[in-house]
Amino acid sequence: KLTSRADNECWRETDSTLAGPKYSNQVNIPSINLACKGAEVDHFENQIDLLNSRYPSNAAYGWDGSTILFTIGGNDIRTRDGEDWPDVLSACILERNCHKENGNQVANWNTIRTRLDAAYDKLALAAHGAKIRVMGYPRMFQRLTAWYYPDKCPGVTGVNRNEADWADGNINVLNNILRQAVVSARAAHPGLDLEFVSVNGYITRGACRSSGREINDKVCKNTSTDLCFGDGNISDSSFHPSSAGYKK
């Protein structure tokens, strides 16, 4: 399986928006996109196997001269109630002070780190000749701090400043785990061209902005407004980079 979706379908952003295709166009090399919506770390390992099976000649040389970009780990998050991260965000939209709920706290940081260590090790062995860049996650909300904004998160109906800070704090924890796993993988594989890349300096206008945001607000499936009645009406494109964010 390449994703947690029951139908194993992969939803991807168009090639025109992603960092990989943009980079490949600049340096005039082909681009391959095997990313999958909803993919967890285990699925990422399956994507490595698929990549090698489709391009055996590249695999034979450890993907020498290639550049591999990816972001992974966020879909593995599980709370004390067993919910994934999109479910928690849906709860924060529909419920007040979701950050105070014990069941909404992330319960599996150590598990995510263990999975990342195994995946990075597999990738290091399969693509030892490649330039590998692990992209960090952007802070989603980035609430407003100026004193003249009475509402610190006007761009997201239903989310207050404390909820926004809590959610972004969890992204910081995840990024630190990604960074630490990269350091460990590099130590285990001397000479491997592997780096963690933070996007915090690039995507600086989160969903809390009323305009010019680089992270989507909640996106409703069946209406053009931001009034999503029930968590089943909240689109999976919510709180992902907008077109402006991808351009960064």
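Structure first, text after, so check above.
Definitions and limits used
- Residues numbered from 1 in each chain as written.
- Predicted model: local features only at pLDDT ≥ 70, side-chain atom pairs only at ≥ 80, totals over all residues.
- Heavy atoms only, no water.
- Salt bridge = Lys/Arg side-chain N within 4 Å of Asp/Glu carboxyl O.
- Helix = DSSP H or I, 4+ residues; strand = E, 2+ residues; numbered from the N terminus.
- Buried < 20%, exposed > 50% of the residue type's maximum accessible area, 1.4 Å probe, protein only.
- Pairing = 2+ DSSP bridges.
- Phe/Tyr/Trp six-rings, centres within 6.5 Å; stacked < 30°, edge-to-face > 60°.
- Axes fitted to C-alpha atoms, helices over the stretch in contact; angles between N-to-C directions.

1. Concerning the pattern of salt bridges
At step 1: Using the criterion set out here, one finds seven salt bridges in the structure.
At step 2: Measuring nitrogen to oxygen at the nearest pair gives 2.7 Å for the salt bridge that ties E40 to R78. With E40 in the loop between α1 (19–27) and α2 (41–54) and R78 in the loop between β1 (67–70) and α4 (85–94), this pair connects stretches of sequence that are 38 residues apart.
At step 3: Between R113 and D117 there is a salt bridge, and its shortest N-O distance comes to 2.9 Å. One end of the pair, R113, and the other, D117, are both in helix α5 (residues 109–126), four residues apart, so they sit about a helical turn from each other.
At step 4: Classification of D117 as partly exposed rests on a relative accessible area of 31%.
At step 5: The network of salt bridges with common partners includes R133, D193 and E195.

2. Structural notes on the pairing of strand β3 (residues 193–197)
At step 1: Here β3 shows a buried face lined by L194 and F196 and an unburied face lined by D193, E195 and V197.
At step 2: Summarising the sheet, strand β2 (residues 131–135) and β3 pair through five bridges and their orientation is parallel. Considered in β3, the bridge of K131 is made with D193.

3. Observations regarding the packing of aromatic side chains
At step 1: Throughout the structure, instances matching the rule amount to four aromatic pairs.
At step 2: Between Y55 and W63 the ring centres are 6.0 Å apart and the planes differ by 70 degrees, which places this aromatic pair in the edge-to-face class.
At step 3: Of the residues examined, Y55 reaches a relative accessible area of 31% and is grouped as partly exposed.
At step 4: Judged by relative accessible area, which is 5%, W63 ranks as buried.
At step 5: Through pairs of rings, three or more aromatic residues link up here, namely F44, F70 and Y120.

4. Digging into the sheet that holds β1
To summarise the sheet geometry, strands pair through backbone hydrogen bonds and adopt either a parallel or an antiparallel arrangement.
At step 1: The parallel open sheet is built from three strands, whose spatial order is β1-β2-β3. A strand with exactly one partner marks an edge of an open sheet, and here the two such strands are β1 and β3. Direction aside, the axes of adjacent strands within the sheet are offset by 15 degrees on average.

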